[in-house]
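Each chain is listed here by its residues.
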Amino acid sequence: MHDTRIPIDIPSHPTALVVGEGLVARLSDAFAREGIALSNRRVLIVVDEAIASNHGAHAFDSIRAGGAHVAMATVAARESEKTMPAIERIWSAALAHGLDRRGLMVAVGGGLTGDVAGFAAATYMRGIDFVQIPTTLLAMVDASIGGKTGVNLALPGGGLGKNLAGSFWQPKATFADPEVLATLSPRELRSGLAECVKHAVLDGEARLSAMERDAELLASGDRAALARLIPESAAIKARIVAADPYERGVRATLNFGHTFGHAIETLPEVDLLHGEAVAIGMVAASAAAEAWPGCTSVPMTARLCKLLTRLSLPTSLSGTRVGAILPSAHLEIRRRMGFDKKNEGGGLRLILPRAAGDVFVAANAPEAAVDAGLRAIL
Ligand SMILES: NC(=O)c1ccc[n+]([C@@H]2O[C@H](COP(=O)([O-])OP(=O)(O)OC[C@H]3O[C@@H](n4cnc5c(N)ncnc54)[C@H](O)[C@@H]3O)[C@@H](O)[C@H]2O)c1
């Protein structure tokens, strides 16, 4: 069996992403190769309740085969449930299973499960070992890499603020098994493709052209095209995270599309998956860049819209119920953007593309550029 191992060289927390078909069935060997002990160890698997009976049960058996004492706790993969009570339930399950500071928490699920389980692991007994087993495309190429964990918070004035409480907590290792994607819905798969587009834009012309070449194959879930894409896209994130683990510089560019995206994702009038909101957010950010004098000489918006459309991803909010609350939608999205974690001193910080491979952090973005971004998607 050929696995691809991508080292993530974070100083003092080196870790790795291992991608391989059938990995979930051979986790005890995979853990051993990464130096993660299982024999006689107490392990809590935190699994998305929707996949507990298939992928969760397989992971359970395969980890128990390594000699661990394993228990399972479930989470509901809904943004409204990605809150502190979910963390408390995991802490209680860990206590009930007798996890001490040598214990291990293993997340089996998409990005939401990984974020919640990771935050629980980071805070249980001031931090215990953690392993990620991502089961969505989005989590394989993005959310399971880089150690960001956390939950949503209720905003003053209403609504949920995305990932406003959390911590950096690197997993000991991440094991991505593309076979588990067979049960993922086509819409969720395409949502993950949005983050791959983001990585391609950050990386440069060669990767963006490769995605354009394979767009229809990827949108249809072609296994060979996905097998090429997953390690390549994940490696882009791994490289950026290793260069700037605590987001003091270049890592902020991974938020391309997320300032607008997070603000629209939790609007009650829209029913968008995370990647779909990011797709629309990337269009808004590109339009904002084009409206900013001197910012870009290579208009990206039309090219991005074309690629996202070929991937069956949305490029605007038309088709959602946001039309019913216009023009207040503009104001409401702008209000929510004001709570973004990247903001400093009251000014918005936007991640704007000048060209493929040239994305920068724009502090104190002028309102005219923000407006142009919002107009492009409303
Ligand atoms: N930590 C990070 O760096 C980071 C990066 C990007 C996104 N995120 C977070 O990740 C979340 C989005 O992640 P996601 O898109 O993976 O969503 P998710 O975890 O909510 O999963 C999406 C849906 O797929 C289902 N599912 C998961 N795996 C499945 C499988 N193999 N078969 C069938 N169904 C399956 C889930 O039950 C859920 O309904 C958001 O909360 C976002 O904030 C975190």
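Residues numbered from 1 in each chain as written. Predicted model: local features only at pLDDT ≥ 70, side-chain atom pairs only at ≥ 80, totals over all residues. Heavy atoms only, no water.

## Some thoughts on empty space enclosed by the protein
- Under the defined criterion, the tally for this structure stands at one cavity of 30 Å³ or more.
- A volume near 30 Å³ is recorded for the largest cavity.
- In this structure, the largest cavity is lined by Gly 114, Phe 130, Gln 132, Ala 143, Ser 144, Gly 147, Lys 148, Thr 149, Trp 169 and Pro 171.
- Broken down by secondary-structure element, the contributors of at least two residues to the lining of the largest cavity are strand S6 (129-134) and strand S7 (148-154). (1 Å grid on protein atoms, 1.4 Å probe; cavity = no way out; pocket = protein on both sides within 12 Å on 5 of 7 lines; lining within 4 Å. Points joined across faces, edges and corners; volume = space filled by probe spheres on them. Helix = DSSP H or I, 4+ residues; strand = E, 2+ residues; numbered from the N terminus.)

## Re the domain arrangement of the protein chain
- Partitioning the protein chain into structural domains gives domain 1 (4-183) and domain 2 (186-225 + 235-377).
- When each unit is reduced to the centre of its C-alpha atoms, the spacing between domain 1 and domain 2 is 26 Å.
- Between domain 1 and domain 2, the residue contacts involve 27 residues of the former and 28 residues of the latter.
- Here domain 1 meets domain 2 over a buried area of about 2300 Å², counting both sides, of which 64% is carbon and sulfur.
- Close ionic contact of Lys 148 with Glu 247 constitutes a salt bridge, the shortest N to O distance being 2.5 Å.
- One can count nine residue pairs in polar contact (both at pLDDT 80 or more) joining domain 1 with domain 2.
- Where the side of domain 1 that touches domain 2 is concerned, the elements lending two or more residues are strand S1 (4-8), helix H5 (137-143) and strand S8 (160-168).
- A breakdown of the residues in the side of domain 1 that touches domain 2 according to their chemical character gives 14 nonpolar, six polar and seven charged. (Domains from an automatic or database assignment. Contact = heavy atoms within 4.5 Å. Buried area = accessible area lost by both parts, 1.4 Å probe. Salt bridge = Lys/Arg side-chain N within 4 Å of Asp/Glu carboxyl O. Polar contact = N/O pair within 3.5 Å; in protein donor to acceptor, adjacent residues only side chain to side chain. Nonpolar A, V, L, I, M, F, W, Y, C, P; charged D, E, K, R; others polar.)

## Considerations on the packing of aromatic side chains
- Under the counting rule described, the total for this entry stands at three aromatic pairs.
- The interplanar angle of 15 degrees and the centroid separation of 5.1 Å between the aromatic rings of Phe 31 and Phe 175 together place this pair among those described as stacked. Taken together, the residues Phe 31 in helix H1 (residues 27-33) and Phe 175 in strand S9 (residues 173-176) connect sequence positions 144 residues apart.
- Judged by its relative accessible area of 0%, Phe 31 falls in the buried class.
- The buried category is assigned to Phe 175, whose relative accessible area is 1%.
- Ring centres of Phe 168 and Tyr 246 lie 5.2 Å apart, and the angle between their planes is 85 degrees; on these two criteria the pair is classed as edge-to-face. Within this pair, whereas Phe 168 is found in strand S8, its partner Tyr 246 is found in the loop between helix H8 (223-243) and helix H9 (258-265), the two being separated by 78 residues in sequence.
- The class of Tyr 246 is partly exposed, set by a relative accessible area of 37%.
- For Arg 354, the ring lying beneath its charged end belongs to Phe 360, and the centroid distance is 4.1 Å. (Phe/Tyr/Trp six-rings, centres within 6.5 Å; stacked < 30°, edge-to-face > 60°. Buried < 20%, exposed > 50% of the residue type's maximum accessible area, 1.4 Å probe, protein only. Lys NZ or Arg CZ within 6 Å of the ring centre and 35° of its normal.)

## Overview of the nonpolar core
- Ranked by size, the top nonpolar core spans 103 residues in total, and within it Phe 31, Ile 45, Ile 63, Val 106, Phe 175, Met 211 and Leu 311 carry the most contacts.
- For this core, the element with the most residues is helix H10 (residues 274-291), which contributes ten residues.
- Residue contacts for Ile 45: discarding those within four places in its chain leaves Ala 59, Phe 60, Ile 63, Val 70, Ala 71, Met 72, Ala 73, Val 106 and Val 108.
- If you look at the next biggest cluster of nonpolar residues, it comprises 23 residues, including Val 46, Ile 87, Ala 120 and Ala 165. (Core = buried A, V, L, I, M, F, W, Y, C linked by side-chain atoms within 4.5 Å.)

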